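Results of the structural survey
Listed below are the residues making up each chain.
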Amino acid sequence: FGVPLEHPEGTNMNLIQDVLSAASTQPEQDHFARIKLADILPDPENFYETDGIEELAAAIDAFGLEQPLVVRPADESGKYRLTGGHRRRLALLTLYAKDPERWAEVDVKITSSLGALADQARLILMNRTTRKETEYENMMETVKTAEIAKEFKANGGKVEGKTRTAVAAALGISSAQAGKYQAIYKHLCPTLMQRYKAGTIGTQVAYELSSLPNRQQEEIAATGKPVSVIRIQELGGMARAIQAGID
C-alpha cells in the first residue's frame, strides 16, 4: 500500500489510505496459499449487492479463478475470514455444489497485516473504485467510513478536521450529503429502509421520511403509495404541531 492509489474524479481517499497504510506497517507479510473453500467464512460487514453469481460462476468454470480470494485468519482455529472477493466466493460455492472434488480447495491471498478496521476500509475502497453503487450502498459506506474514522482516531490515528468532513472528503461527497445518509441510517423505519435498499424510494424522499416519527413512517409505508417530498414536509409540519400541542 506504499504506492499512491488512483481514485475516481472528485474522490479523495486520504482517510482510507491512512488506515491501510497504518495497517501495512505491521511486520506480518501477505502470502499466497491454497485452502479449503469450506474454511472461508463470509464477511458480516459486507453490505454490497452480490448479483450476477451464475454468470461469474460460468466464467470461473471456463477460465479458472484468475484473482484469488483475499482472506485473513479468523478467530476460529483453522478458519479464515473473507476480506475481498465476495461475489467470487459465492460463485465458487455454486461450482462446489456441482463438482465438490474440483472446487474443494481454492487459491487465496492470506493477509495477516489487516485487522477488522482495515478490512472494512479495503472493502469500501475496492467497491467504490471498481463498480457503480446504489444509493443504499453509498449510505452504508458513509456510515461505515464514519465508524472507521472514529475507531482509527481512538487508536491514535490522525483524522483531519471533523469526522463528517473527513468522511465526506474520503468518499467524494458533500458534508451535507453525508449528513443525510447518516440521518437515513439512524432514523428511517425498517420497512421504508427495505424500500430504500430496493431503490423504490430515493435519497431525498428517504431523508424527508426519516424526519417523521417512526409510527408515522410505518403508517406511510403501510399504504404502499408513493409520497412526494412536499407531502412528507406537510406531514412533518403536522406532526410537529401535534407534538407542540401535547407539550
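One can find the structure itself at the top, above this paragraph.
My aim in this report is to walk through the structure given alongside it, one point at a time. Note that this is a predicted model, so its numbers are computed, not measured.

Things to note about the side chain of R89
Among the secondary structure elements, R89 is positioned in helix α3 (residues 86–98). Comment: no salt bridge for buried R89; closest opposite-charge side chain is D43, at 10 Å. Those residues in contact with R89, other than ones at most four positions away along the chain, are I40, L41, P42, L69 and L82.

Side note on the packing of aromatic side chains
Describing an aromatic ring pair means giving the distance of the ring centres and the angle of the ring planes. Enumeration over the complete set of coordinates arrives at 1 aromatic pair. Plain terms: the ring middles of Y136 and Y196 are 6.5 Å apart, the flat faces sit at 70° to each other, and that makes the pair edge-to-face. Note that Y136 is positioned in helix α5 (residues 135–154) and Y196 in helix α8 (residues 190–198), a separation of 60 residues in sequence. For the residue pair Y136 and Y196, the accessibility class agrees, reading buried in each case.

Let's talk about the packing of α8 against helix α10 (residues 214–223)
Running from N to C, α8 and α10 point in directions that differ by 55°, and their axes come no closer than 8 Å. As judged from the angle between their axes, α8 and α10 are oblique. Where α8 approaches α10, its residues P190, T191, L192 and R195 are matched on the opposing element by Q217, E218 and A221. Tallied by class, residues from the contact of α8 with α10 come to 3 nonpolar, 2 polar and 2 charged.

Criteria and cut-off values
Residues numbered from 1 in each chain as written. Predicted model: local features only at pLDDT ≥ 70, side-chain atom pairs only at ≥ 80, totals over all residues. Heavy atoms only, no water. Helix = DSSP H or I, 4+ residues; strand = E, 2+ residues; numbered from the N terminus. Buried < 20%, exposed > 50% of the residue type's maximum accessible area, 1.4 Å probe, protein only. Lys, Arg positive; Asp, Glu negative; His and termini not counted. Salt bridge = Lys/Arg side-chain N within 4 Å of Asp/Glu carboxyl O. Contact = heavy atoms within 4.5 Å. Phe/Tyr/Trp six-rings, centres within 6.5 Å; stacked < 30°, edge-to-face > 60°. Axes fitted to C-alpha atoms, helices over the stretch in contact; angles between N-to-C directions. Parallel < 35°, antiparallel > 145°, perpendicular 65-115°, else oblique. Nonpolar A, V, L, I, M, F, W, Y, C, P; charged D, E, K, R; others polar.

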